[in-house]
Amino acid sequence: MDRTEAVLILREILDNCEIFDGVYLSLASPKASNLLSQGYQLHIKAPIDDHAKECMRDILQKHGLALKIEDNLAIIYKPIKKKT
């Protein structure tokens, strides 16, 4: 995703999902060698309960984005489209 899209997605999540108690946010710049995503990634480090996961997944699905959660780190990214 590009930087503008990442900021809009982050705003939508902040406005709609209750996950931000002691949160750390970062915007990871695109890397050519990244096999997971296209463009920027959003990293949100916070305690994320099931309700917050579902809220984020609903928003991300609308925008064609994916969510990966590792411990208390949510990684939001645009998946690489596989060539057929």
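Each value, and the rule that gives it
- Residues numbered from 1 in each chain as written.
- Predicted model: local features only at pLDDT ≥ 70, side-chain atom pairs only at ≥ 80, totals over all residues.
- Heavy atoms only, no water.
- Pairing = 2+ DSSP bridges.
- Helix = DSSP H or I, 4+ residues; strand = E, 2+ residues; numbered from the N terminus.
- Disulfide = S-S within 2.5 Å.
- Buried < 20%, exposed > 50% of the residue type's maximum accessible area, 1.4 Å probe, protein only.
- Contact = heavy atoms within 4.5 Å.

A closer look at the pairing of strand E3 (residues 66–70)
Across five bridges, E3 lies against strand E4 (residues 73–79) in antiparallel orientation. Residue Ala66 lies in a different strand from E4, and its bridge partner there is Tyr77. What sits between the antiparallel neighbours E3 and E4 is a turn of two residues, in which Asp71 has the positive phi angle 55 degrees.

Concerning the state of the cysteines
Formally, a disulfide is one covalent bond, and it connects the sulfur atom of one cysteine to the sulfur atom of another. Under the definition given, this model contains one disulfide. One disulfide bridge connects Cys17 with Cys55, the sulfur atoms lying 2.0 Å from each other. In this structure the cystine formed by Cys17 and Cys55 twists about its S-S bond by roughly -85 degrees; its chirality is therefore left-handed. Of this pair, Cys17 sits in the loop between helix H1 (3–16) and strand E1 (24–28) while Cys55 sits in helix H2 (residues 50–62); the two residues are 38 residues apart in sequence, bridging distant segments of the chain. Like Cys17, the residue Cys55 is buried in the burial classification.

Structural notes on the environment of Ala52
Tracing the backbone through its elements, the reader meets Ala52 in helix H2. Given a relative accessible area of 0%, Ala52 falls into the buried group. It is 9.3 Å that separates the C-alpha atoms of Ala52 and Ile13, two residues lying 39 residues apart in sequence. Not counting residues up to four positions away in its chain, the partners in contact with Ala52 are Glu18 and Ile19.

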